[in-house]
Amino acid sequence: VTASTGITRQGISLRPNQWSNTLSKNLTGAAISKHQEAEVKPIEEKVAVMSTALLAAIAVILCILFRILNVNSQPQKPTLYCKDLSFLDTILKIAPLLQEQYIPTRLWGFSGHVQTIVHSIIGRVRCPWPIGERCELLLRDGTTLTYDVYQSLDQSHEDDFTLAICPGIGNTSESVYIRTFVHYAQCHGYRCAVLNHVGALQSIPVTAPRIFTYGHTGDYNDMLKNILENYSNTKIVCIGFSLGGNLVTKFMGENDRSRSPRIIGGISICQGYCAIEGTKWLLNWQNFRRFYLYVMTESMKTIILKHRHVLLSEEVKRRFNLNEREIIAAATLPELDDAYTRKVHNFNSVGELYKWSSCINYLQDINIPMIFINARDDPIVPEPLLEPMRAFAAQHTNTLYLELAHGGHLGFYEGGLVYPNPVTWLDRALVALVGSLALAHADSMLKTSQ
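Conventions we followed
- Residues numbered from 1 in each chain as written.
- Predicted model: local features only at pLDDT ≥ 70, side-chain atom pairs only at ≥ 80, totals over all residues.
- Heavy atoms only, no water.
- Helix = DSSP H or I, 4+ residues; strand = E, 2+ residues; numbered from the N terminus.
- Phe/Tyr/Trp six-rings, centres within 6.5 Å; stacked < 30°, edge-to-face > 60°.
- Lys NZ or Arg CZ within 6 Å of the ring centre and 35° of its normal.
- Axes fitted to C-alpha atoms, helices over the stretch in contact; angles between N-to-C directions.
- Parallel < 35°, antiparallel > 145°, perpendicular 65-115°, else oblique.
- Contact = heavy atoms within 4.5 Å.
- Nonpolar A, V, L, I, M, F, W, Y, C, P; charged D, E, K, R; others polar.
- Buried < 20%, exposed > 50% of the residue type's maximum accessible area, 1.4 Å probe, protein only.
- Pairing = 2+ DSSP bridges.
- Right-handed = clockwise from strand over helix to strand, strands pointing away.
- Expected span 1.5 Å × (residues − 1).
- Disulfide = S-S within 2.5 Å.
- 1 Å grid on protein atoms, 1.4 Å probe; cavity = no way out; pocket = protein on both sides within 12 Å on 5 of 7 lines; lining within 4 Å.
- Points joined across faces, edges and corners; volume = space filled by probe spheres on them.

*Asks:* Account for unusual backbone geometry, with residues named and values stated.
*Replies:* Here the phi dihedral of Asn287 falls at roughly 60°; this positive angle occurs in a residue that is not glycine. Residue position: Asn287 is located in the loop between α7 (275-282) and α8 (289-306).

*Asks:* Please set out the packing of aromatic side chains residue by residue, giving values where relevant.
*Replies:* Per the counting criterion, the structure on display carries 13 aromatic pairs. One aromatic cluster is present, formed by Tyr102, Phe412 and Trp425 through successive ring pairs. Sitting over the ring of Tyr231, Arg191 keeps its end group 3.9 Å from the ring centre. Geometry around Phe251 places Arg259 over its ring, the cationic atom sitting 5.9 Å from the centre.

*Asks:* I'd like to hear about the packing of α7 against helix α13 (residues 350-357), residue by residue, with values.
*Replies:* The interhelical angle for the contact between α7 and α13, taken along N-to-C directions, is 120°, at an axis separation of 8 Å. Comparing the axis directions of α7 and α13 gives the class oblique. For the pair α7 and α13, contact is made by Ala275, Ile276 and Thr279 and by Gly351, Tyr354 and Lys355, respectively. A per-class count over the contact of α7 with α13 returns three nonpolar, two polar and one charged.

*Asks:* Which residues make up the pairing of strand β11 (residues 399-404), and what are the values?
*Replies:* Within β11, six of the six residues are buried, leaving the element largely enclosed by the surrounding structure. On β11, burial covers both faces: Thr399, Tyr401 and Glu403 on one face and Leu400, Leu402 and Leu404 on the other are all buried. In this sheet, β11 lies alongside strand β3 (residues 79-81) in antiparallel orientation, the contact comprising three bridges. Residue pairing for β11: Leu80 is matched across the bridge by Leu402. Assessed by its sense of winding, the connection that carries the chain from strand β10 (residues 370-375) through helix α14 (residues 387-395) to β11 is right-handed.

*Asks:* Tell me about α8, and please be specific about residues and values.
*Replies:* Compared with an ideal rise of 1.5 Å per residue, which puts 18 residues at 26 Å, α8 spans 26 Å between its outermost C-alpha atoms and is within 8% of the ideal. By the burial criterion, the buried members of α8 are Arg289, Tyr292, Leu293, Met296, Thr297, Met300, Lys301, Ile303 and Ile304.

*Asks:* A description of the state of the cysteines should follow, citing residues and the corresponding values.
*Replies:* Under the defined criterion, the tally for this structure stands at zero disulfides. Considering cysteine sulfurs only, Cys166 is the nearest to Cys238, which forms no disulfide, with 9.4 Å between them. The buried category is assigned to Cys238, whose relative accessible area is 0%. Cysteine Cys274 is unpaired, with the sulfur of Cys359 as its nearest cysteine sulfur at 8.9 Å. With a relative accessible area of 17%, Cys274 lands in the buried category.

*Asks:* Lay out empty space enclosed by the protein in plain terms, naming residues and giving numbers.
*Replies:* As enumerated under the stated definition, the model contains three cavities of 30 Å³ or more in all. Space inside the largest cavity adds up to approximately 70 Å³. Surrounding the largest cavity, Thr144, Leu145, Thr146, Asn196, His197, Val198, Gly199, Ala200, Leu201, Ile204, Pro205 and Val206 form its lining. Tallying contributions element by element places strand β5 (residues 144-150) first for the lining of the largest cavity, with three residues. By volume, the second largest cavity is sized at about 50 Å³. Lining the second largest cavity are Ile211, Phe212, Thr213, Tyr214, Met300, Ile304, Tyr340, Thr341, Val344 and His345. Every element with two or more residues in the lining of the second largest cavity is listed here: α8 and α12 (333-344). In terms of residue count, α12 provides more of the lining of the second largest cavity than any other element does, three residues in total. Looking at the lining of the second largest cavity residue by residue, the classes come out as seven nonpolar, three polar and no charged.

*Asks:* How would you sum up helix α6 (residues 243-253)? Please name residues and give values.
*Replies:* Along α6, 11 of the 11 residues are buried, which leaves the element largely enclosed by surrounding structure. All of the buried residues in α6 are Leu243, Gly244, Gly245, Asn246, Leu247, Val248, Thr249, Lys250, Phe251, Met252 and Gly253. Of the surrounding elements, those touching the buried residues of α6 are β6 (161-166), α5 (218-230), β8 (235-241), β9 (263-269), α13 and β10.

Okay, here's the thing in structure tokens:
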């Protein structure tokens, strides 16, 4: 085979210049392949590092979520503080669930923060809208006071009981958790009357230069008087949620106020008992309490500014020496109360207002059966504020204090993995406790007649 004739093998013919080009391409391809392999190795190493970092990040996020959601916790029974064992036995006859474990929603129900946030944003699952009648009262100071009455849906009960409900801060009969409880109580034979805090309802105008406050029990008292006049045979159980719990408890212990003997007991839920100590805790960022304080402050400012044409008229500002800019600029409740509330209600200082408002200063004068409920994981009411109630219930008759490990602030959702039951533990417990107070009253009347 000569160079001039080329290379011929197995039917393939290559000229010298073609052979050279082919060889060059093969060598170049081999070089590129080695270069690509060299580049692929760092890329694979980077992917491995990124995968490890991603897994680590996911693990950290899961750990944080597990810690926030507190999923390692286990259901616990409520802790009961009660000196009067006969009173406790009467309560447990009608409310045996107090001796059972409270089982929160598995995935998020063990977190007080999540329970509180879900309660604030969503309220209740499949909330009904009970049909009621709105009653309107014109008070001596010109205030328009309203409350809604919801009749019993079960007419099989012989006794006539009315639940006089005082909602939380800025809440009304239209609040979701109130509607759910009202409907559940109606189905169990109770009439419900719900106070609408002055200024909180969109549809009711403010007709006097004031709104509701933490310690003003006059509105609640006027509602009770009107109920007793309209329903001459009814017996009343007072129920207060959060701020409403403080108002109900303070009302029960006020010496300068007469109370009808047809008021047979009271129930307080998730209140803080002492505004002075509670404010100190809320001003701290620990456990996000300052965030909750901010939300409550903005809620109060919104109500004030919504009715500014009455509450902040030029005449009212001159009368009470109000500075509208200070009210708008208030960043916390103490600042807002210093700029507005204490002045309108003629207090010299915020401390004086808070002392007058706090029900803890009225507990000793309560002589009506009372039941108090709190959760230890309530982010708004820290556990140190609960210690006085433990001591009080352990030393006084006709008093029961229930303390749950979980439930948050007015949450108490139960059942399910993610989706809770439509009726909360709190709704079930309250209806049972009302029945217990009715039985305790009947036993007391029987002993008196003998």
